[in-house]
There are 4 protein chains.
Amino acid sequence: MSLSNPKSPIPVAILGATGTVGQRFIHLLDGHPWFRVVALTGSARRQGQRYGEAVHWLLSEPLPAWAAEMPLLPTEPGSLNGAALAFSALPSDIAREVEPQLAARGVWVCSNASAYRREPDVPILLPEINAGHTAVLRQQQAHRGWKGGIVTNSNCTSSGLSVVLKALDDAFGLESAFVVSMQAISGAGYPGVASLDIVGNVLPYIGGEEAKVEWEPRKILGAVAPEGIRLADFRISAHTNRVPVVNGHTVVASVALKRAPADPEEAIRALEAYQPPEAARGLPSTPRPVIVVRREPDRPQPRLDALTGGGMTTVVGRVRPDPIWDLKFVAVSHNTVRGAAGGAVYNAELLVAQGWV
Amino acid sequence: MSLSNPKSPIPVAILGATGTVGQRFIHLLDGHPWFRVVALTGSARRQGQRYGEAVHWLLSEPLPAWAAEMPLLPTEPGSLNGAALAFSALPSDIAREVEPQLAARGVWVCSNASAYRREPDVPILLPEINAGHTAVLRQQQAHRGWKGGIVTNSNCTSSGLSVVLKALDDAFGLESAFVVSMQAISGAGYPGVASLDIVGNVLPYIGGEEAKVEWEPRKILGAVAPEGIRLADFRISAHTNRVPVVNGHTVVASVALKRAPADPEEAIRALEAYQPPEAARGLPSTPRPVIVVRREPDRPQPRLDALTGGGMTTVVGRVRPDPIWDLKFVAVSHNTVRGAAGGAVYNAELLVAQGWV
Amino acid sequence: MSLSNPKSPIPVAILGATGTVGQRFIHLLDGHPWFRVVALTGSARRQGQRYGEAVHWLLSEPLPAWAAEMPLLPTEPGSLNGAALAFSALPSDIAREVEPQLAARGVWVCSNASAYRREPDVPILLPEINAGHTAVLRQQQAHRGWKGGIVTNSNCTSSGLSVVLKALDDAFGLESAFVVSMQAISGAGYPGVASLDIVGNVLPYIGGEEAKVEWEPRKILGAVAPEGIRLADFRISAHTNRVPVVNGHTVVASVALKRAPADPEEAIRALEAYQPPEAARGLPSTPRPVIVVRREPDRPQPRLDALTGGGMTTVVGRVRPDPIWDLKFVAVSHNTVRGAAGGAVYNAELLVAQGWV
Amino acid sequence: MSLSNPKSPIPVAILGATGTVGQRFIHLLDGHPWFRVVALTGSARRQGQRYGEAVHWLLSEPLPAWAAEMPLLPTEPGSLNGAALAFSALPSDIAREVEPQLAARGVWVCSNASAYRREPDVPILLPEINAGHTAVLRQQQAHRGWKGGIVTNSNCTSSGLSVVLKALDDAFGLESAFVVSMQAISGAGYPGVASLDIVGNVLPYIGGEEAKVEWEPRKILGAVAPEGIRLADFRISAHTNRVPVVNGHTVVASVALKRAPADPEEAIRALEAYQPPEAARGLPSTPRPVIVVRREPDRPQPRLDALTGGGMTTVVGRVRPDPIWDLKFVAVSHNTVRGAAGGAVYNAELLVAQGWV
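Residues numbered from 1 in each chain as written. Chains lettered and ligands numbered in written order. Predicted model: local features only at pLDDT ≥ 70, side-chain atom pairs only at ≥ 80, totals over all residues.

A. Representation of the sheet that holds strand E6 (residues 149-152) of chain D. All names here are of chain D. One open sheet holds the 6 strands; their spatial order is E3-E2-E1-E4-E5-E6, and the pairing between them is parallel. The sheet is open, and its two borders are formed by strand E3 (72-73) and E6, each paired with just one other strand. Bridge count for strand E1 (residues 10-15) against strand E4 (residues 85-88) is 4 bridges, and the pairing is parallel. Along E4, the bridge assignment pairs Ile 14 with Phe 87. Helix H4 (residues 92-104) rests against E4, strand E5 (108-111) and E6 of the sheet, and its axis sits at about 150° to E5. (Pairing = 2+ DSSP bridges. Helix = DSSP H or I, 4+ residues; strand = E, 2+ residues; numbered from the N terminus. Contact = placed C-beta atoms within 7 Å. Axes fitted to C-alpha atoms, helices over the stretch in contact; angles between N-to-C directions.)

Quick look at the structure:
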């Protein structure tokens, strides 16, 4: 498709570029075949500094030289140097204010913030699950009078979980899920979790997280309807925990299905066979493959498996019968790649491929 | 009760004294008001060494001088220096062989090994839950022709969990539970978990553990019947995980109850009001109290709460409604105290108080 | 000595009571035979709250009930409820302002802050090393017109190190020391070190720390002179690092001595024989013993040894020849007990025993 | 140079392929432009298994499919499938026996084992320092009657340290160094360090390590002489420690120099200007650059910097005056890449480029 190979690079901005998700955007956009970063924005007190001075770089991958030299700009519509796309790693309260201003002026905002995820006309987009949800963008533009638009990616725990639930729902019909997360510290940003709270410890609480994990997958697996995205009708109960892991969220789950698989192998086959919708295939960030199933008894593990498929693949293991419901499994997904910056870049690629941008 | 205050110290042995649970026995029996350690046994290749030479001491509490000087003896009936009670921290295969030999000769074995937990006439004893289960010891002695007997404590994850389930079952009737553990490395012994497997990581698998956690609480909360302990009829689905925590197992759970509490406060009141059976009160190791409920949103945490009540108390928090079933909560219990050595010492105290020893 | 056993409890205040050192003061003063806490002070935005509400308690030992119920007061001379002694866990800038105000009004301030450590008439007091340094308090009162006074304890890394250097200096004469610390996260307070900076990592830098470690031991081992404390004339080169350990600072050192010990055993004997000055013996917080030498090749370790002697003892190991200078060793000391709150309490006990308070 | 671009791939074997260093060899040789792996060897009890079954893969990079399918062969001269080069990750005792057998038959062994490092005619080769040391291979072949030969790489802590010492020695003349390491757990292999020994802890002891770190750099910076490599005449005093870091050894050092640099900047310039000998440049594994100097006060850190230059670069920081000697600094080097497998591959490339293979 010609649309999927833009001839000249598309100018993009990163909003909130100094945080951990902003850093991951820079890493993922370094050498991206379609996008060229033309603006980095940050908080007022750091403006005027070069990015390299302003940032406390925390990735083990080095800070690219081009980014180090860019000036840090204010997060304002007039400061994006003509970017057609904006990747937003803004705090939710600032996102709530700035993202619509950008959308109104014709910018396409691919947001990692939770500010608009609950709006029926704003998709929580995971292209390998619901590329068709971009259809609501017509409603979004019509209702709000925007020339651009906002798409969001999900909470970092919902993303890998939703991928697995989607594959199981397609094959067996999903009714209910108990899910317990063991989440990496990079999901809390910087400075984020204090070391005295997490070294040699577990924090059994992450503010606001359980409500997101119980609700977002229902929207992600929902359907486009006249009133916006209509929620899928399964139920989730979530316990979310923080553990001393740097990158990679681990989720264990028990699920009730409409039709029980004959055996775990049938479920494994369904997971391994899962394919993205046509529109979401072959993009630079398409997970290759979407799901990997490990057969070893002790996998997946976040330290070993989070980077599978460049961090875009969801790794599943321990698929086994559940003594109460139908199936148990473990899933690991990279929280700042598939669960944040990588997901937003994939969303942007879909918008380009579908001709929105 | 005069029985509960033995006039002269009762001689006891620790079997498998060099491992992590054996070390915890030494720490807990140091200064115990009723028991005096007269024999420490260990593996053949270390025999003849003083305990202080043979052990790789791993507790932050110092090795008591009396223990350091004791010789390490073979794990044989003839080597216990007249001990009336034996605390067994033996590996399961050795326990299977040695423990009945001791029971046959009149020794009371309080075992941390899993070898006999599945036998209907061997109680999995947690006095604060099921002190009356010692009634099956009559059957045990009769059937097996023993002059002593074997009582076991539960798996380290089942113990704290069973305490909470018991309090909820008494108040509301327990139907089902989904439980997910995040277990400390000390539960795996020494050398146990390799650091490359757990530093900055989660291991979503512990061999054989899920079967124990799904079954043991049903026996612990079961009833004495002519054929031995009859299992309670609720169901458990368990996911067990290892996390980089030194001491303290954390369990998160969702439960279905026969009668839903009006609100979480009713459940909290039931947990806080829980009392041990009469026979299990007032012993040196009785948890004081059995359950503590924390109201802070982010408690309990293993690093901060495992040592509550000297490590014998189960700490519960985040008691809240479950969107699918009735109730969710988090529980922390000390895996080598309440979940292993401390539980076995409490069992021994009960046997003394009830006049078995 | 009658002075060392005050008849009625001495009222004391804890300044900056909500931080990690403040919490340790509460833990150590819980049940103290001489002192009774009558005031807890904290930052302005928390005043009026009960301590139990205001504090984010981080110790694995439980918060005592008496402390939980106390109101949090402003850090002002008029708010100490008649305390004769104030334990200061204040930030340095606030300490600089408030501590002299208290001293002027007759309060004895035992400070953990670094604000006045460099003043020649303010002792850095470690009673087991330099109990006689309180002699400069006459000068302090005379010069400054105070009715009370200020004594400080050392930086948390300097304390254990100084104890070992003192014992070696007494026996062999100290010339130079290379010291490298691996410091626990609790030394940085709360929230302190961000988990993303330290989980699975080493931070080779602690702001301002190396200058303290290179200078403070020279004052601690110095002599009382007319102009105040005169520095000892050895030299220290320090590298200070943060490691993912909760409590316990580890220091490795190579030292040049005026007289080389015949062999490491001679040095070990000197360390084991070290005794506090007469005035510092027999107080409630006197380390028992001051130094423990471990013979195992892999000790001391912070997780296993920091709590030796209730956290007041310095544990030394790996005493061996140095291929360039004379001796190498490793020392572990509890950073919030001997290195902070426990040291300040010991200082206060000395002031009482000597009749200052 | 034509020699440096072999026309057809050179067949190579990996000896001891299942351990952590063996795994790193597979990762680094995956897609190597010159070498093709034709044999993987392992311990007797796993022979006959496919590598994918036999290995407990511990790298976060995935196991390459070609390696997973290869059979695990015995570690014998006859089992190398015609390999001209063998990368040895063997335990030292097995290396001592097998490596000479291979060399005798014409194989070039690039060994990570310490077995032959002390032999004067066996170079400890770090091409960016001492590419010319291959000259002793003539002596080695002559004396021992070998058709092939053995070159070793250094201990994982000596490697990064030697790089920095070499650059300083060239510029200022090195006299003495105090070095203290904080070493990653991957340096101890698998299962290696028990988690109970290192989670939340520091181990101040690594068996045999200090002797290696004090001696190896003197050979690495030594000179080719008729009797073999002659040691350089500086002195090192080392303290080696284990910390809970996965990859990346951190070394802090104080050095005495023949000529003091005018200021730290002069030393930094010397480090940044350091170039490998001509023969060691432009090879596939040549570090690019050899040394990076970071100016931030808190770098280098192992989690952030170990992978600089693909793990072959040594990262230095905190270059500052030493109050006793001349200079202090911190260096981080990747222990299983530059300090083990990557170093051995670089050595093999040098042997090919120089025409030995």
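B. Broad picture of the domain arrangement of chain A. Residues and elements named next belong to chain A. As assigned here, chain A comprises domain 1 (2-155 + 341-353) and domain 2 (157-334). Taking the mean C-alpha position of each, domain 1 and domain 2 sit 24 Å from one another. Going through the elements one at a time, helix H5 (127-130), helix H6 (136-144) and helix H12 (337-353) are the ones with two or more residues in the side of domain 1 that touches domain 2. The element that contributes the greatest number of residues to the side of domain 1 that touches domain 2 is H12, accounting for 7 residues. Of the residues assigned to the side of domain 1 that touches domain 2, the class counts are 16 nonpolar, 15 polar and 4 charged. (Domains from an automatic or database assignment. Nonpolar A, V, L, I, M, F, W, Y, C, P; charged D, E, K, R; others polar.)

C. Region of interest: unusual backbone geometry. All names here are of chain D. The omega torsion across Arg 288 and Pro 289 is -5°, close enough to zero to call that bond cis. Positionally, Pro 289 belongs in the loop between helix H10 (264-273) and strand E12 (291-293). The omega torsion across Arg 299 and Pro 300 is 5°, close enough to zero to call that bond cis. Within the secondary structure layout, Pro 300 lies in the loop between E12 and helix H11 (302-305).

D. Structural detail: the relation of the copies chain B and chain A. Once chain B is rotated about the relating axis by 180° and shifted along it by 0.0 Å, it coincides with chain A to within an RMSD of 0.0 Å. Within this description, the copies of the chain are treated as partners about a two-fold rotation axis. Taken as a fraction of all interface residues of chain B, those also at the interface in chain A reach 100%, which identifies the copy contact as same-surface. (Least-squares fit on C-alpha atoms with pLDDT ≥ 70 in both.)

E. A look at helix H9 (residues 209-220) of chain C. All names here are of chain C. Look at H9: 16 Å from first C-alpha to last across 12 residues, which is about the 16 Å you get at 1.5 Å a residue. Of all the residues in H9, the buried ones are Glu 209, Glu 210, Lys 212, Val 213, Glu 216, Pro 217, Arg 218, Lys 219 and Ile 220. For H9, the elements touching its buried residues are helix H5 (127-130), helix H7 (156-172), strand E7 (174-183), strand E9 (228-230) and strand E10 (235-242). (Expected span 1.5 Å × (residues − 1). Buried ≥ 20, exposed ≤ 12 C-beta atoms within 10 Å, placed from the backbone.)

F. Spotlight on the pairing of strand E2 (residues 35-41) of chain B. Residue and element names in this part refer to chain B. Within E2, 5 of the 7 residues are buried, leaving the element largely enclosed by the surrounding structure. Handedness of the β-α-β unit built from strand E1 (residues 10-15), helix H1 (residues 20-29) and E2 comes out right-handed. Of the pairings in the sheet, the one linking E2 to strand E3 (residues 72-73) comprises 2 bridges and is parallel in character. Bridge assignment links Leu 40 to a residue of E3, and that residue is Leu 72. (Right-handed = clockwise from strand over helix to strand, strands pointing away.)

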